[in-house]
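Structural characterization, general
Residues per chain, in single letters:
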Amino acid sequence: MPANPQLWLGIFFLISGLWTLSLLDTAGKLLGMAGYHVVMIAWMRYTINTIFMAATLMPLYKRRHGRSILHSNKPRLQFIRAVALLLSTLMFFSVLKIVPLAEGTAMNFCAPLIVLAVSPWLLGETTYISRWIAVAVGFAGMLIVIRPGGDIPAHGVVLGLLSAATYAAVSILNRKANRADDPMVTLFYGGLVGMVLSSLMVPFFWSPHTPDATEWMILASTGITSTIGHLCMNTAYRHAEASVLTPFAYTQIISATTMGWLVFDQFPDGITLLGIAVICASGMGIAWVEHRRAHPLRKAIRKPA
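Rules used in this analysis
Each chain has its residues counted from 1, following the order in which its sequence is written. Reporting of local features is limited, given that this is a predicted model, to residues whose pLDDT is at least 70; pairs of side-chain atoms are given and counted only at 80 or more, and all residues count toward the totals for whole chains, interfaces and linings. Remark: hydrogens and water are excluded; side-chain values derive from all non-hydrogen atoms of the structure. Each helix is a run of DSSP H or I of at least 4 residues and each strand a run of E of at least 2, with the numbering of both proceeding from the N terminus. Put simply, the radius of gyration uses C-alpha atoms, and a globule should come to 2.2 Å times the residue count raised to 0.38. Here's how the labels work: a residue is buried when its accessible area is under 20% of the maximum for its type, exposed when over 50%, partly exposed in between, all with a 1.4 Å probe on protein chains only. Any two residues whose heavy atoms approach within 4.5 Å at even a single point are treated as in contact. The method behind every accessible area is Shrake-Rupley, applied with a 1.4 Å probe, and residues are considered shielded solely by the protein chains displayed. Asp and Glu count as negative and Lys and Arg as positive, but His and the ends of the chain are not part of the count. By convention, the point assigned to a charge is CZ for Arg, NZ for Lys, CD for Glu and CG for Asp. Like-charged residues within 9 Å of one another, or nonpolar side chains (Val, Leu, Ile, Met, Phe, Trp, Tyr) within 5 Å, are grouped into patches, provided each residue has over 30% relative accessible area and no salt bridge. Note on definitions: salt bridges are taken to be side-chain nitrogens of Lys or Arg within 4 Å of carboxyl oxygens of Asp or Glu. One axis fitted to the seven residues ending at a residue, another fitted to the seven starting there: the angle between these axes is the bend at that residue. Within a predicted model, pLDDT stands for the predictor's per-residue confidence, ranging from 0 to 100. By nonpolar core is meant a set of buried Ala, Val, Leu, Ile, Met, Phe, Trp, Tyr and Cys residues that side-chain atoms within 4.5 Å join together. Each pair of aromatic rings taken from Phe, Tyr and Trp, with Trp reduced to its six-membered ring, is defined by centres within 6.5 Å and is described as stacked if the planes are under 30 degrees apart, edge-to-face if over 60, and tilted in the remaining cases. The criterion for a charge sitting over a ring is simple: Lys NZ or Arg CZ within 6 Å of the ring centre, and within 35 degrees of the ring normal.

To continue, consider the overall build of the protein chain. Secondary structure summary: the protein chain contains twelve helices and zero strands in total. Listed N to C, the secondary structure of the protein chain is α-α-α-α-α-α-α-α-α-α-α-α in terms of helices and strands. Computed over C-alpha atoms, the radius of gyration of the protein chain comes to 20 Å, within 12% of the 19 Å expected from 2.2 N^0.38 for 305 residues, which places it in the range of a compact globule. When its C-alpha atoms are laid out on the principal axes, the protein chain stretches across 80 × 55 × 35 Å. Classification of the 305 residues of the protein chain by burial places 49% in the buried group. Contacts spanning at least 24 positions in sequence make up 87% of the contacts within the protein chain whose residues lie at least 6 apart. A total accessible area of about 15,200 Å² is found for the protein chain, and carbon and sulfur atoms account for 69% of it. Counting 22 positive and 12 negative side-chain charges, the protein chain places the averaged centre of each group 17 Å from the other.

The following block contains the structure:
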């Protein structure tokens, strides 16, 4: 385990961000079950998120860098990435209307394995047999989760796979965007474009009934939790390397399972838990291998007697 206090701080922010994002997913599922369209949920999430960032991140970025947060070296890439992020949000909220929280989160965790599979072609990264083994094991775990005859309906499985593929595309675009611009620019563009596009769509998907006080609070919470969650995630990766943090990302399965049990009285059965464990083991295993590959152990230099 890392001994550097900065690494521990990164782990703390990562886990805090993941638990906060599980609150966002819980709110999205609650609203979906209440009959709200996913476009309306996404609109509220992106609108509050962008207003909050405009009030906080925009002046902070201007003070630090002396230019607007809207200044991007690759604006077209930022736009494409933001559109993919909005699609990913709509897909995942659609999945959560059908699938229990833990299972939906587990299927989405196949996204990093998809990225591993396509990275040699799309990112120009070197391929290794260990990566292909991790991909194969991870998909085997997902087959256990979505096993034929299980509780997940067929259209929920299809949506779950599409959600994972879309999230994988977002992950690839994240890497490219963050190479071109500061992560704060990427974060702001994601919120701004998502707000504008969802605002254009939401009049066609508005709920026929007026939300009550509780529903307004849940709707508003989606913007707050998404902002705090992603800020924590960005802060985590400023304190520690991705290869160190990746295994801890799978703790979101714990937060999703906990919230699914507490709020929806849904707890995965033994076979589903086995599948989730296989997916997590695959991801954590390849993260450890990649970390060792990037940081090979140095041989100790023996002093002469």
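There is more to say, and it comes next.
Backbone phi values are negative for most residues with the exception of glycine, while trans is the configuration of most peptide bonds. A positive phi angle, close to 55°, is found at Asp-265, a residue other than glycine. A relative accessible area of 64% places Asp-265 in the exposed class.

What follows concerns the environment of Leu-219. Within the secondary structure layout, Leu-219 lies in helix α9 (residues 213–239). Judged by relative accessible area, which is 1%, Leu-219 ranks as buried. Taking the C-alpha atoms as reference points, Leu-219 and Pro-203, 16 residues apart in sequence, are found 16 Å from one another. Setting aside its immediate chain neighbours within four residues, Leu-219 contacts Leu-31, Met-40, Ile-41, Met-44, Ile-48 and Pro-211.

To continue, consider a nonpolar patch on the surface. A contiguous nonpolar surface patch, about 570 Å² in accessible area, is contributed by Leu-30, Trp-261, Leu-262, Val-263, Phe-267 and Leu-273. As for its placement among the helices and strands, Leu-273 is situated in helix α12 (residues 270–294). By relative accessible area, Leu-273 is classed as partly exposed at 34%.

The axis of helix α2 (residues 38–65) is deflected most strongly, by about 40°, at Ala-54. The first or second residue beyond α2 is Gly-66, which carries a positive phi of 75°.

Here the focus is the confidence of the model for the protein chain. Of the residues in the protein chain, 90% have a pLDDT of 70 or more, and the chain-wide mean is 83. The secondary structure element of the protein chain with the lowest average pLDDT is helix α10 (residues 242–249), at 71, and the one with the highest is helix α3 (residues 75–96), at 93. Ignoring residues within four places in sequence, the model shows residues 298–303, a span with pLDDT below 50, making zero contacts including any to other chains.

The next thing to look at is the nonpolar core. Leu-14, Tyr-46, Leu-90, Phe-93 and Leu-245 are the most contacted members of the largest nonpolar core, which has 39 residues in total. Only α1 (5–33), α2, α3, α7 (154–180), α9, α10 and α11 (252–264) provide two or more residues apiece to this core. Discounting residues that sit within four places of it in the chain, Tyr-46 has contacts with Leu-85, Leu-86, Thr-89, Gly-190, Gly-191, Gly-194, Met-195 and Ser-198. Core analysis: the next-biggest nonpolar cluster, separate from the first, contains 23 residues, Ala-111, Val-145, Val-157 and Ile-276 among them.

Bringing the packing of aromatic side chains into the picture now. The full count for this structure, using the stated rule, is two aromatic pairs. Geometrically, the ring pair formed by Phe-12 and Phe-13 is edge-to-face, given 5.6 Å between the ring centres and 70° between the ring planes. Relative to Trp-206, the ring of Trp-43 has its centre 5.5 Å away and its plane inclined at 70°; by these criteria the two rings are edge-to-face. With Trp-43 in helix α2 and Trp-206 in the loop between α8 (183–201) and α9, this residue pair connects regions lying 163 residues apart in the sequence. The positively charged end of Lys-29 is found above the aromatic ring belonging to Phe-264, 5.4 Å away from the centroid. Over the face of the ring belonging to Tyr-46 we find Arg-45, whose NZ or CZ atom lies 4.1 Å from the ring centre.

Another aspect to go through is the environment of Val-118. Residue position: Val-118 is located in helix α5 (residues 111–122). Here Val-118 falls in the partly exposed class, since its relative accessible area comes to 26%. Considered as a pair, Val-118 and Ala-140 are 22 residues apart in the sequence and their alpha carbons are 18 Å apart.

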